[in-house]
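Residue-level structural notes
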Amino acid sequence: MVYEGSSMKLITAIVKPEQADNVKRALSKIGVHGLTMTEVKGYGRQKGHTEFYRGSEYEVAFLPKTKLEVAVSSKNFKKVLDTIQKTAKTGKIGDGKIFVTSLSAVVRIRTGEKGEKAI
Amino acid sequence: MVYEGSSMKLITAIVKPEQADNVKRALSKIGVHGLTMTEVKGYGRQKGHTEFYRGSEYEVAFLPKTKLEVAVSSKNFKKVLDTIQKTAKTGKIGDGKIFVTSLSAVVRIRTGEKGEKAI
Amino acid sequence: MVYEGSSMKLITAIVKPEQADNVKRALSKIGVHGLTMTEVKGYGRQKGHTEFYRGSEYEVAFLPKTKLEVAVSSKNFKKVLDTIQKTAKTGKIGDGKIFVTSLSAVVRIRTGEKGEKAI
Amino acid sequence: MMKLFSKILIIGAVLLFSTALYAAEKKPVLNAGDTAWMLTSALLVLMMSIPGVALFYGGLVGRKNIVSTVTQTFTIACIVTITWYVLGYSITFTEGTYNSIVGGFSKAFLNGIGVAALQGTIPETVFVIYQLTFAIITAALICGAVVERINFGALFFFIILWSILVYAPIGHMVWGGGYLAEKGVLDFAGGTVVHINSGVAALVAAIVLGKRKSPVRPNNVVLSLIGGSLLWVGWFGFNAGSAVAANGTAGMAMLVTQVATATAALAWMILEWFSSEKKPSLLGILSGAIAGLVAITPAAGFVTPSGAFFIGLAAGIICYFACTKIKKALGYDDSLDVFGIHGVGGIVGAILTGVFAVKAVGGASGMIEGNGGQVTLQFLGVIVTVAYTAIMTYIILKFVGLFTKLRASDEQERAGLDLSQHGEQVS
Amino acid sequence: MMKLFSKILIIGAVLLFSTALYAAEKKPVLNAGDTAWMLTSALLVLMMSIPGVALFYGGLVGRKNIVSTVTQTFTIACIVTITWYVLGYSITFTEGTYNSIVGGFSKAFLNGIGVAALQGTIPETVFVIYQLTFAIITAALICGAVVERINFGALFFFIILWSILVYAPIGHMVWGGGYLAEKGVLDFAGGTVVHINSGVAALVAAIVLGKRKSPVRPNNVVLSLIGGSLLWVGWFGFNAGSAVAANGTAGMAMLVTQVATATAALAWMILEWFSSEKKPSLLGILSGAIAGLVAITPAAGFVTPSGAFFIGLAAGIICYFACTKIKKALGYDDSLDVFGIHGVGGIVGAILTGVFAVKAVGGASGMIEGNGGQVTLQFLGVIVTVAYTAIMTYIILKFVGLFTKLRASDEQERAGLDLSQHGEQVS
Amino acid sequence: MMKLFSKILIIGAVLLFSTALYAAEKKPVLNAGDTAWMLTSALLVLMMSIPGVALFYGGLVGRKNIVSTVTQTFTIACIVTITWYVLGYSITFTEGTYNSIVGGFSKAFLNGIGVAALQGTIPETVFVIYQLTFAIITAALICGAVVERINFGALFFFIILWSILVYAPIGHMVWGGGYLAEKGVLDFAGGTVVHINSGVAALVAAIVLGKRKSPVRPNNVVLSLIGGSLLWVGWFGFNAGSAVAANGTAGMAMLVTQVATATAALAWMILEWFSSEKKPSLLGILSGAIAGLVAITPAAGFVTPSGAFFIGLAAGIICYFACTKIKKALGYDDSLDVFGIHGVGGIVGAILTGVFAVKAVGGASGMIEGNGGQVTLQFLGVIVTVAYTAIMTYIILKFVGLFTKLRASDEQERAGLDLSQHGEQVS
Ligand SMILES: Nc1ncnc2c1ncn2[C@@H]1O[C@H](COP(=O)(O)OP(=O)(O)O)[C@@H](O)[C@H]1O
Ligand SMILES: Nc1ncnc2c1ncn2[C@@H]1O[C@H](COP(=O)(O)OP(=O)(O)O)[C@@H](O)[C@H]1O
Ligand SMILES: Nc1ncnc2c1ncn2[C@@H]1O[C@H](COP(=O)(O)OP(=O)(O)O)[C@@H](O)[C@H]1O
């Protein structure tokens, strides 16, 4: 595969929904112009809560979180990672995680461009 | 990148929605304390169905599935993988898949901790 | 890990929602029988829009997109990638991206099969 | 003298008394009970449109077109109110130069309708608004055929013209003393004026506009359940209200409405159950209910509960096939089956009114009482309405098309009319 | 002669006049005001079922069972209309051979009910449909106990039989001149016939069908808010309509309904607030409101606003504990608490009617006016209803179970009844 | 003798007869038609609050605050029922020591209101509940200004006090024989008492509580469409019901309400269409409709349809600018524009009532009939209400703030009030 050895990264951040806008704005500022967002539910040290409906308990273990995915070139990687970490942080439990995986290829669908150009 | 060579894994399991709770409980028991869940739709050997509205057919190819994502350290990897496979299984078609990718980095947003400590 | 060195890939495509069916049909034709779909929101060169409610502006930066995930064996990889790129393309801005990551393992939950057999 | 005087006095008193009684019978006097019922009926029929029709339709479109669909209904309620105030009431319910087709201008702007003016035993003001609510729902029903693709601006102008050039004349012909009224066509509560009228206009509009790019399944049949239920409940104002009094006729109209509706609803659901779909669906039973409501509308004041049973049965079965089989065969895209339910159901009801009318109920005999001629008359009513509406609707659409695009652009249709035409969306 | 004549004439005139007055008092004459109110009441009670109960229940089930739940209610409205038309009205409201339990067949198919037939001061047709709406809601309420698992086909047949074999006899016993009517049991608007009846049938059905596999929390309490609000609003047709006239009794019934409902609602919410849950919830205040509406139902024409306050208070508190504590202890899965609210609330209301009845309001005295015997009578009413309903419901369920499975298959239950039984889903 | 006797007899008979007639005119007698309409009107106005206002507001907040918003409305309906029963009705509608401001305690706990008590031609019980529904909606409207941040406990106590200390006095001043009634201020259906009152209270509350942290766009304007439609439909009970009879005044009130509402709705929508937003929106036309309903409220019994047209036009335009431009300029966070629509619309309506009142309609002349003084009087009504409400609302809020926090904590606001205050959420 021609794309092997790429050093592009996919940064996946699970953040608090109320912080997502904040992160997005900060990323825009440092020149990140692409972002994909998914509503997810998370479970971690921050525990869920219990809802009562007519006295019946329903445990809600999972809390709403927002998953942000950003593909970055190796050169931007560090900056983006730090920006996300800083702007997503509230200091309270449940702030979330960032996962990084290596991308072996990226394609821009519209143009068919590949690799870093496509990000 | 300092994180290169990490052997942390991201386990992504697509399971039946009704099995998700089961998996979650089992993972809790073996000490996995973080999990991210997404509602997805899947298509596989298990085919969808057709809905009729006033005689018009609408093919619904995709069925509701739940995607579970768990970041694990190399030492827990095998145990977690097996637990998910066992507890998600109903033996019927449509049970889903588990995909594993390598994580080149993990960050805990709240503390900035990195690597296995952050999981 | 026994699965190391696998050359299976996970193709993640962010496409326009109205193109998703198209892509799915094309993939079916070339023999891809598994697919996972997620509703996501995206932000890129294609900017969002502004909604007005009683004169108050609400910026909607993120547009609905569909994320398609397909695990493929190395032998199918190129064909699948090209099919997605071609069938998702409208030529207009906002067509989306394709990200490729390496899979270090795949498991079929129902049978416990592993590796390429499991895809 | 005294004797004579006393005699005269007595006779005078008695005369006075009986004259008073007589007068009470002849000169229209306001009846508070009738008025109470008609005030209620008016608001019920408005409720049938907003939120009734709005939700019934809103639940059946795709997710990107819910706002647009309900906005259409709501806007139509406003537009038709204004056209009715300006012109509609007058040309429907006064006498005109061409009286067999349309009334005159003497009550334009509701001119001269005082607080004390009566129509029968109720204030004329109440009659004005009661009739207005019929004009609204008729126009609102049409949208079902063109949702998800009509250009809102075009709809806006179309409705202004249609409510004046189509609704008012048909209303005048049937209820305002025009051609069909004179002929003796029976239409108790608006089978012709409301349902055949809107159904045919819808069919024409669907054909003129063309098909939707990519129809999707209903976004939320529970919204349609709310709408459908409010339609049923409100329809009592429609049918029982058409007695324009709180009396035995109103009661019977209500009862037969209930029987026909339930029968048609179950008929549709059971057909589905035994069809290839094999499942009794919510949309099925709702559709059947509406078909029953439509079909009993012209008959409501003329038939017995058992007559209603058969009308409901026929409506359920015929409309089921019209929507699921015939439409498919013909291939037009009447998105929400306005023609299949209101058009076809209205025609079934109009004809069967001529069959099942019973003298003891509404003063008119149908075929089952030996008066076969009534059926012919009913056919006449259907044909005149279909012809007039089809032609005029076509002309109006073409006319509006001269000034603005009838359809949303492909881009807008793909994005959904909610965002592209109204800048709003349901999250 | 002349004098005599004049005298006779005078006396004649006066007699004639007073005879006319007298006749007006004795021979039933249609009253348009009463009729207007009863037409309205009938549609209000229908609205309580569709969309009222449908939405109230629909909001409380899981997301995979919303369509199924509302479809059940809507279908029941149709089925019961037909059974009422065919047989129900006749065996409830005519005299029969076994009159203490059930009426006769003379009005089957609503035979012989003409436009002019009266029931009191309103057309009999209006009475027929008003009573029908009670039969509908009673049957519809039962579903709440068996949602998310009952097989739709089984429900279909169960309701046909139940509406004839249980509802009609109980209705006849209480309102149709049967056993309980004769004994002097007070039930103004249907505490016994509607609420205890449906509550007990629900409990039996819940036990016979067994528990749901995996109950989930309510999908959308806002739907329940719509349903609950329409129940409250419609209940004025239920309670004030039970005066079968637009008079002081109707007014008082409406007022006490409002007071009892608000009191029960707040009582439930405040109990929650101070309980371990520590939060006043929407479902809590809605549940309390329904409990209050239920409990005031039998009492509505008999008590003062302050009596209503205490009845509401008792209902709020007792039903709260019935639903949150006792049910848990007993372990049956009455999914939406039909027994805990309608059964228990109905019993509370029936007994307290015997306590708080005030002669000046409804002509009957309760314990607070020294007539302790009324409480005993009320107990009798409760016991007869509970016994008859429980036994017959059990038998009917077992009988239906001979022909079709009562429960959906495990597979269907897991997939949700929306898709598996109706082929529809809310996206 | 005989002659004399016969003469006396005759005269006696005639006298008796005419006395009877006279008595019928003078001594209040229950009219079933009026009662039917007022029973209906009462439930319509309740429906305006639950589910009307609840849904209208519920659709406009963010997704995390829907449950909380509708719970507020529903709870207020319960609270105000109790305060009305205990005290409110009495101090609004009886005579008191300080009668120009507030009534007395003689009917506390609805004491002494029997089944036979009349108010005009309807039972007093019906009058009590009809008026209660006005007290409910006034309080419910206020919430729109403080949703998404008010502490539920604080709201609870605020409403108890406000309904007694603000609503009742204003009601007494305008309708209960107090200061403004004496002066001759015209307010047919509650423009002052309901709309200016709630609008001003809302503005004060919005300012005292401060802005929301992060307003989001409406979660579901289709919910608002349901609410808005039910408001429109129910408003006929509000306006036509304010005739307290089913007569010509009621009919005219209904008709002018319809015309004004449609006009205001279209005015707002068209302004939007030609504004920078360039799109006619659902929320726009709904907002215009409410503005029209509000503005016609005080005028409903006094103006002609054409007067209504102009009032609607003015309301649509002025409220549009109040909500979209002026509010932005002033910078307070009246979240759902209670002041911009009810406050401003109420003032527009109050003043224009003084302009467009026509003697032939409601017995009072406005400026267009040369009675400019009426406008001054209307201003007086506005000023007194604004001043009294603003000051008292402020004091009550500060007082409640002594015992409990007025605002939810930041944490709760961020999490959404649904979960944090009620422990429920819409999935
Ligand atoms: N091991 C993991 N795998 C996948 N997702 C995780 C994992 N750990 C945490 N998460 C996600 O991160 C979110 C926040 O984690 P949590 O432990 O509550 O907070 P914190 O990181 O502040 O200690 C969780 O809700 C979950 O979505
Ligand atoms: N190649 C694939 N890529 C991505 N997702 C897949 C793939 N194959 C299967 N899936 C996911 O797994 C789910 C179950 O797969 P399916 O083939 O129906 O069942 P089974 O694994 O039991 O044969 C699918 O609905 C889909 O979400
Ligand atoms: N760097 C990126 N990381 C993650 N997702 C991206 C990235 N760039 C684009 N996307 C996704 O692709 C979608 C389309 O991208 P956009 O730049 O608007 O179109 P185009 O690729 O046609 O220029 C975005 O809405 C977003 O979901």
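The structure displayed is predicted, hence computed values, not measured ones.

The immediate surroundings of ligand 3 are formed by 22 residues, with A:T36, A:A71, A:R110, C:R45 and C:K97 found nearest. At the site occupied by ligand 3, nearby residues are drawn from chains A and C. Here an oxygen atom of ligand 3 sits 3.4 Å away from a polar atom, N or O, in the main chain of A:L35. Here C:Y43 contributes a backbone N or O atom positioned 3.0 Å from an oxygen atom of ligand 3. Burial of ligand 3 by the surrounding chains reaches 99%, relative to a free accessible area of 550 Å². At the level of elements, strand 2 (35-43) and strand 5 (63-72) of chain A together with strand 2 (35-43) and strand 6 (97-102) of chain C are the ones that each hand at least two residues to the shell around ligand 3. Among the elements that line the shell around ligand 3, the one with the most residues is strand 5 of chain A, at 3 residues. Its residues assigned to classes, the shell around ligand 3 shows 8 nonpolar, 7 polar and 7 charged.

Taken together, the contact between chain F and chain C spans 17 residues of the former and 7 residues of the latter. Taken together, both faces of the contact between chain F and chain C bury some 1100 Å²; the carbon and sulfur share is 57%. It is F:R217, F:E277 and F:L283 that lose the most area in chain F upon contact with chain C, and together they represent 43% of the buried surface on that side. At the junction of chain F with chain C, the criterion picks out 2 salt bridges. Salt-bridge contacts for C:R54 lead to F:D337; the nearest nitrogen and oxygen are separated by 3.2 Å. On inspection of chain F and its partner chain C, the count reaches 5 residue pairs in polar contact (both at pLDDT 80 or more). Here the element with the most residues in the side of chain F that touches chain C is helix 11 (residues 305-330) of chain F; it accounts for 3 residues. Partitioning the side of chain F that touches chain C into residue classes produces 11 nonpolar, 2 polar and 4 charged.

Okay, the packing of helix 4 (residues 124-142) of chain F against helix 5 (residues 152-175) of chain F next. Residues and elements named next belong to chain F. As a packed pair, helix 4 and helix 5 sit with axes 10 Å apart at the nearest point and diverge in direction by 125°. If you check the angle between helix 4 and helix 5, you find them oblique. The element helix 4 and its partner helix 5 pack so that their crossing is right-handed. For the pair helix 4 and helix 5, the contacting residues are Q131, F134, A135, T138, A139 and I142 in the first and F158, I159, W162, Y167 and W175 in the second. Looking at the contact of helix 4 with helix 5, its residues break down into 9 nonpolar, 2 polar and no charged.

Contacts between chain D and chain F engage 58 residues on the former and 58 residues on the latter. In total, chain D and chain F occlude about 4700 Å² of area from one another, counting both sides; carbon and sulfur atoms represent 80% of this. The largest share of the area that chain D buries against chain F comes from D:L43, D:F74 and D:V115, three residues that together contribute 14% of it. Put simply, chain D and chain F have 0 salt bridges between them. Viewed at the interface, chain F and chain D are joined by 7 residue pairs in polar contact (both at pLDDT 80 or more). Counting residues per element, the ones that place at least two in the side of chain D that touches chain F are helix 1 (2-26), helix 2 (32-58), helix 3 (66-93), helix 4 (124-142), helix 5 (152-175) and helix 16 (417-422) of chain D. Counting residues per element, the side of chain D that touches chain F draws most heavily on helix 2 of chain D, at 14 residues. Split into classes, the residues belonging to the side of chain D that touches chain F amount to 40 nonpolar, 16 polar and 2 charged.

Counting across every chain of the model gives 39 salt bridges over all chains. Its salt-bridge partner being D:D333, residue D:R212 comes within 2.9 Å of it at the nearest N-O pair. With D:R212 in the loop between helix 7 (191-209) and helix 8 (221-239) and D:D333 in the loop between helix 11 (305-330) and helix 12 (338-356), this residue pair connects regions lying 121 residues apart in the sequence. We note that D:R212, like D:D333, is buried. Salt-bridge contacts for F:K107 lead to F:E124; the nearest nitrogen and oxygen are separated by 2.7 Å. On the criterion of sequence distance, the pair formed by F:K107 in the loop between helix 3 (66-93) and strand 1 (118-119) and F:E124 in helix 4 is long-range, its members being 17 residues apart. Its relative accessible area of 24% is what places F:K107 among the partly exposed residues. Given the relative accessible area of 6%, F:E124 is considered buried. Residues joined by salt bridges that share partners form a network here, namely A:R54, E:K327 and E:D337.

Moving on: helix 4 of chain D. An ideal rise of 1.5 Å per residue puts 27 Å on 19 residues; helix 4 of chain D measures up with 28 Å between its terminal C-alpha atoms. Where burial is concerned, most of helix 4 of chain D is hidden: 19 out of the 19 residues are buried.

Judged by nonpolar contacts, the single largest core of 485 residues is most densely connected at D:W37, E:W37 and F:W37. When residues no more than four places from it in sequence are discounted, the contact partners of F:W37 are D:A36, D:L39, D:T40, D:L43, F:L44, F:F236, F:A240, F:G241, F:A245, F:A246 and F:A250.

Turning next to the relation of the copies chain D and chain F. Each of the two chain copies can be brought onto the other by rotation about an axis and movement along it. Overlay of chain D on chain F (RMSD 0.0 Å): rotation 120°, translation along the axis 0.0 Å. Interpreted geometrically, this transformation is the action of a three-fold axis. Within chain D, D:G33 has its C-alpha nearest the rotation axis, a separation of 2.1 Å.

What follows is about the site of ligand 1. The environment of ligand 1 is formed by 22 residues, the closest being A:R45, A:K97, B:T36, B:A71 and B:R110. Ligand 1 is flanked by residues contributed from chains A and B. Interatomic distance of 3.4 Å between a backbone N/O atom of B:L35 and an oxygen atom of ligand 1. In this structure, B:R108 approaches ligand 1 through a side-chain N or O atom, which is 3.4 Å from an oxygen atom. Protein chains bury 98% of the 550 Å² of accessible surface belonging to ligand 1 in isolation. Mapped by element, the contributors of at least two residues to the shell around ligand 1 are strand 2 and strand 6 (97-102) of chain A together with strand 2 (35-43) and strand 5 (63-72) of chain B.

Now for the side chain of D:N65. Along the chain, the position of D:N65 falls in the loop between helix 2 and helix 3. Beyond its immediate stretch of four places on either side in the chain, D:N65 contacts D:E148, D:G416, D:L417 and D:D418.

Scanning the entire structure with this criterion turns up 78 aromatic pairs over all chains. For the pair D:Y85 and F:F309, a centre-to-centre distance of 5.8 Å together with 20° between the ring planes defines the contact as stacked. Here D:Y85 is found in helix 3, whereas its partner F:F309 is found in helix 11 on a different chain. Note on D:Y85: relative accessible area 4%, which makes it buried. Assessed through its relative accessible area of 22%, F:F309 is described here as partly exposed. Members of the aromatic cluster, each reached through a chain of ring pairs, are D:W84, D:Y89, D:F93, D:F127 and D:Y167. Just above the ring of C:Y43 sits the side chain of A:K24; from NZ or CZ to the centre is 4.3 Å.

Residue and element names in this part refer to chain D. Where helix 10 (residues 282-296) meets helix 12, the closest approach of the two axes is 7 Å, and the angle between their N-to-C directions is 45°. Of the possible angle classes, the one that applies to helix 10 and helix 12 is oblique. Relative to helix 12, helix 10 is oriented so that their crossing is right-handed. Between helix 10 and helix 12, the contacting residues are S287, I290, A291, V294 and A295 on the first element and I341, H342, G345, G346 and G349 on the second. Here the contact of helix 10 with helix 12 is built from residues that sort into 5 nonpolar, 5 polar and no charged.

Attention shifts here to the side chain of F:E424. With respect to the secondary-structure elements, F:E424 resides in the segment after helix 16 (417-422). Within the buried core, F:E424 has no salt-bridge partner, and the shortest N-O distance to an opposite charge, that of A:R54, equals 9.1 Å. A polar atom in the side chain of F:E424 sits 2.6 Å from the backbone nitrogen of E:L282.

Here is what the cut-offs are and how they apply
Starting afresh in each chain, residues are numbered from 1 along the sequence in its written order. Think of it this way: whatever chain is written first is A, whatever ligand is written first is 1, and the rest follow in order. Residues qualify for local features only when their pLDDT is at least 70, as the model is predicted, and side-chain atom pairs are given and counted only at 80 or more; totals for whole chains, interfaces and linings, by contrast, use all residues. Water and hydrogen atoms were dropped before computing side-chain values, which therefore reflect all heavy atoms in the structure. Throughout, near means a residue has at least one heavy atom within 4 Å of the molecule or strand. Polar contact is the term for a pair of N or O atoms within 3.5 Å; when the atoms are in protein, one must be able to donate a hydrogen and the other to accept it, and sequence-neighboring residues count only if both atoms are side-chain atoms. Computed with the Shrake-Rupley method and a 1.4 Å probe, the accessible areas treat only the protein chains shown as cover for residues. Numbering of helices and strands starts at the N terminus; helices are DSSP runs of H or I of at least 4 residues and strands are runs of E of at least 2. Only Asp, Glu, Lys and Arg are considered charged, only Ala, Val, Leu, Ile, Met, Phe, Trp, Tyr, Cys and Pro nonpolar, and every remaining residue, Gly among them, polar. Whether two residues touch is decided by their heavy atoms; if any such pair falls within 4.5 Å, the residues are in contact. Defined in terms of a 1.4 Å probe, buried area is the accessible area two parts forfeit on being brought together, summed over both. What makes a salt bridge here is a side-chain nitrogen of Lys or Arg within 4 Å of a carboxyl oxygen of Asp or Glu, nothing more. As a rule, the C-alpha atoms of each element are fitted with a line to give its axis, helices using only the stretch in contact, and angles between N-to-C directions run from 0 to 180 degrees. What sets the label is the angle itself: under 35 degrees gives roughly parallel, over 145 gives roughly antiparallel, 65 to 115 gives roughly perpendicular, and the rest give oblique. Crossing chirality is assigned from the near helix's rotation relative to the far helix, an anticlockwise turn below a right angle marking it left-handed and a clockwise turn marking it right-handed. Here the term buried applies to any residue with accessible area under 20% of the maximum for its type, exposed to any over 50%, and partly exposed to those in between, with areas from a 1.4 Å probe on protein chains only. What a helix is expected to span follows from its residue count: subtract one and scale by 1.5 Å. Definition used in this section: a nonpolar core is a set of buried Ala, Val, Leu, Ile, Met, Phe, Trp, Tyr and Cys residues joined via side-chain atoms within 4.5 Å. To line up the copies, we fit them by least squares on C-alpha atoms, keeping just the residues with pLDDT of at least 70 in both. Any pair of Phe, Tyr and Trp rings, taking the six-membered ring for Trp, is counted once the centres come within 6.5 Å. Such a pair is stacked with planes under 30 degrees apart, edge-to-face with planes over 60 apart, and tilted for the rest. Look at NZ for Lys and CZ for Arg. If either is within 6 Å of the ring centre and within 35 degrees of the ring normal, a charge sits over the ring. Under the convention used here, Asp and Glu are negative, Lys and Arg are positive, and both His and the chain ends fall outside the count.

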